[in-house]
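Chain by chain, the residues:
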Amino acid sequence: MSDGTTISFASDIRPLFTDMDVDHMKGFGIDLSSCESVREHAGAIYRTVSNGTMPPPGAGEGRWTEAMCAKFAEWQTANCPP
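Residues numbered from 1 in each chain as written. Predicted model: local features only at pLDDT ≥ 70, side-chain atom pairs only at ≥ 80, totals over all residues. Heavy atoms only, no water.

Caption draft 1: Structural context of helix H5 (residues 66–77). For H5, with twelve residues, the first-to-last C-alpha span of 16 Å sits near the 16 Å given by 1.5 Å per residue. Listed as buried for H5 are Cys 69, Phe 72 and Trp 75. Angularly, the buried residues of H5 cover 120 degrees about the axis, an arc narrow enough to put them on a single face. Projecting away from the buried face of H5 at angles above 90 degrees are the exposed residues Glu 66, Ala 67 and Thr 77. Once H5 finishes, Asn 79 follows within two positions and takes phi at roughly 70 degrees, a positive value. (Helix = DSSP H or I, 4+ residues; strand = E, 2+ residues; numbered from the N terminus. Expected span 1.5 Å × (residues − 1). Buried < 20%, exposed > 50% of the residue type's maximum accessible area, 1.4 Å probe, protein only. Arc of directions from axis to C-beta.)

Shown next as structure tokens:
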């Protein structure tokens, strides 16, 4: 991360996804609890959360903040470490 610490899926990215997100996306073949699956679909995930189309309206989840999107982008830039 920008403060000199290392970003990781386990400590920084997985917590961005709620259990509801994980359950919902498994039906689409994406396991948001799996680093490998999120890494494989990172581009699409980033596009949908950063443009506000996910999580969908009425899902009970708030949209991702700019800080959350920036953290995900930082993880991608760091080559998606576990």
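Caption draft 2: Region of the structure containing the nonpolar core. Grouped together as the largest cluster of nonpolar side chains are 19 residues, with contacts concentrated most on Ile 13, Phe 17, Leu 32, Val 38, Phe 72 and Trp 75. Broken down by secondary-structure element, the contributors of at least two residues to this core are helix H1 (9–13), helix H2 (19–26), helix H3 (35–40), helix H4 (42–50) and H5. The residues contacting Leu 32, other than those within four sequence positions of it, are Phe 9, Arg 14, Phe 17, Asp 21, Val 22, Met 25, Val 38 and Ile 45. (Core = buried A, V, L, I, M, F, W, Y, C linked by side-chain atoms within 4.5 Å. Contact = heavy atoms within 4.5 Å.)

Caption draft 3: Examining the packing of H4 against H5 more closely. Running from N to C, H4 and H5 cross one another at 165 degrees; their axes reach a closest spacing of 10 Å. In terms of their interaxial angle, H4 and H5 are classed as roughly antiparallel. Here H4 and H5 pass one another in a crossing that is left-handed. Between H4 and H5, the contacting residues are Ala 42, Gly 43, Ile 45, Tyr 46, Val 49 and Ser 50 on the first element and Cys 69, Phe 72, Ala 73, Trp 75 and Gln 76 on the second. Considered class by class, the residues forming the contact of H4 with H5 number eight nonpolar, three polar and no charged. (Axes fitted to C-alpha atoms, helices over the stretch in contact; angles between N-to-C directions. Parallel < 35°, antiparallel > 145°, perpendicular 65-115°, else oblique. Left-handed = near helix turned anticlockwise from the far one by under 90°. Nonpolar A, V, L, I, M, F, W, Y, C, P; charged D, E, K, R; others polar.)

Caption draft 4: Spatial organisation of H4. The set of residues buried in H4 consists of Ala 42, Ile 45 and Val 49. Considered in projection along H4, the buried side chains sweep an arc of 65 degrees and stay on one side of the axis. Looking at the buried positions of H4, the neighbouring elements they touch are H3 and H5. Downstream of H4 by a residue or two, Gly 52 has a phi angle that is positive, lying close to 85 degrees.

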